[in-house]
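Letter by letter, the chains look like this.
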Amino acid sequence: MTAQPGEVKDVVLADTAPIELLHELHAGYIKEWEANKDGFEYVMSEYLRISGLYWCLTAMDLLHKKDTFDADEVAAWVDRCRCTDGGFSAAPDMDPHMLYTLSAIQVLISLDRLTPEAADGAATFIKQQQLPDGSFQGDKWGEVDTRFSFCALACLALLNKLDEVRVDAAADFVLSCMNFDGGFGVVPGSESHSGQVYCCVGALAIADKLQWVDADLLGWWLAERQLPSGGFNGRPEKLPDVCYSWWVLTSLRIIGRMHWIDADKLRQFIMACQDGETGGFSDRPGDIVDPFHTLFGIAALSLLGDRSLREINPIFCMPEEVIRRTVQSEHLTNINPVA
């Protein structure tokens, strides 16, 4: 869609778009996705398979259908992704990475299948990725990104092993990525982006350093991401995308500014991104659905208070009940509950 000068880039919601959450269709879509291992989309997504497993499992958990997964079978497959240095890869026989290590730990904790060996190994791998300036590289090849800072701290918080790394240094690096508009980028000096904001705000929440965030300035920038359709974009002059319903909304929740957006319009946009025939969510109404957008659409609806779904934790994007029984840091299990 190309906007004319002076026009806002946005989408128009059809009058026939779904207005209710299609629980059973979504559960069926995810179940079929996981079962059809010869499908083109499944085969082509091997490079992020373990994250796809996390998206599908968490979506089903929020829908009260986690039991459709065979916990022992899933845990055995995840263990095949565990590498000799303790990190996890996207699929067996691939290299370990911070992104996939977090997904693996999230899956194992959700299924109550985390072993001491896997926990200790993951903590060792993460500790080895912290650099002198407090940042984290994703793997041995050295790419630095605030996503990896979040992954590292989130993983260690879930393992109750934050003392394995220099948390204050990690927080200082994240704060160095803060911009004049209150947002955060990939590295210092990078453009503010909603996905990075979530990672940085989440990392600072885990580090118990949220007092250094300008909540009003950042809240304004995040609230400005809402378009007339009700959806959020990731940065100015971009189209809305249902995944930002999570990245933006949960960031607002963490800093206590969720009431600054129009929740009803956002809910309407999210509902319109459902496929009323196959189930699943797409980035925008009418596009092809996928497990990534399906999770974050459902997660955002949970955050908006949909009581047909399990309550979600805004930092870890996992059911709140799972976090309460896992994480020992009290400040991570009660994030602005009435904001």
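The present account deals with the structure reproduced in this document.

A word on the packing of helix α1 (residues 23–35) against helix α3 (residues 49–62)
Closest axis-to-axis distance for the α1/α3 pair is 10 Å, and the angle between their directions is 150°. It follows that α1 is roughly antiparallel to α3 by the angle criterion. Crossing of α1 over α3 shows left-handed handedness. Across from A27, I30, W33 and E34 in α1, the residues of α3 making contact are G52, L53, C56, A59 and M60.

Some points on the layout of surface pockets
Of the pockets and cavities examined, the largest pocket occupies roughly 620 Å³. Looking at the largest pocket, it is lined by 25 residues, and the ones nearest its centre are W55, L99, W247, F292 and F296. Counting residues per element, the lining of the largest pocket draws most heavily on helix α5 (residues 98–110), which supplies 5 residues. Of the volumes computed, that of the second largest pocket is approximately 490 Å³. Every element with two or more residues in the lining of the second largest pocket is listed here: α1, α2 (40–44), α3 and α4 (71–80). Among the elements that line the lining of the second largest pocket, the one with the most residues is α1, at 4 residues.

Considerations on the packing of helix α7 (residues 146–159) against helix α9 (residues 194–206)
Interaxial distance between α7 and α9 falls to 8 Å at its minimum, and their mutual angle equals 40°. For the element pair α7 and α9, the recorded crossing hand is left-handed. On α9, the residues touching T146, R147, F150, L153, A154 and A157 of α7 are Q196, Y198, C199, C200, G202, A203 and I206. Among the residues forming the contact of α7 with α9, the class breakdown is 9 nonpolar, 3 polar and 1 charged.

Thoughts on the side chain of D283
When you line up the elements, D283 lands in the loop between α12 (263–272) and α13 (291–303). Note on D283: relative accessible area 16%, which makes it buried. Only 3.3 Å separates the side chain of D283 from the side chain of R284, close enough to count as a polar contact. Every residue in contact with D283, bar those within four places of it in the chain, is listed here: P240, D241, V242, F269, C273 and H293.

A short note on the pattern of salt bridges
Taken as a whole and judged by the stated rule, the model has 14 salt bridges. Between D216 and R257 there is a salt bridge, with the nearest N and O atoms lying 2.9 Å from each other. Of the two residues, D216 sits in helix α10 (residues 215–223) while R257 sits in the loop between α11 (243–255) and α12, which places them 41 residues apart along the sequence. Where R310 meets E321, a salt bridge forms, and the shortest distance between an N and an O atom there is 2.9 Å. With R310 in the loop between α13 and β1 (312–313) and E321 in helix α14 (residues 320–326), this pair connects stretches of sequence that are 11 residues apart.

Conventions used here
- Residues numbered from 1 in each chain as written.
- Predicted model: local features only at pLDDT ≥ 70, side-chain atom pairs only at ≥ 80, totals over all residues.
- Heavy atoms only, no water.
- Axes fitted to C-alpha atoms, helices over the stretch in contact; angles between N-to-C directions.
- Helix = DSSP H or I, 4+ residues; strand = E, 2+ residues; numbered from the N terminus.
- Parallel < 35°, antiparallel > 145°, perpendicular 65-115°, else oblique.
- Left-handed = near helix turned anticlockwise from the far one by under 90°.
- Contact = heavy atoms within 4.5 Å.
- 1 Å grid on protein atoms, 1.4 Å probe; cavity = no way out; pocket = protein on both sides within 12 Å on 5 of 7 lines; lining within 4 Å.
- Points joined across faces, edges and corners; volume = space filled by probe spheres on them.
- Nonpolar A, V, L, I, M, F, W, Y, C, P; charged D, E, K, R; others polar.
- Buried < 20%, exposed > 50% of the residue type's maximum accessible area, 1.4 Å probe, protein only.
- Polar contact = N/O pair within 3.5 Å; in protein donor to acceptor, adjacent residues only side chain to side chain.
- Salt bridge = Lys/Arg side-chain N within 4 Å of Asp/Glu carboxyl O.

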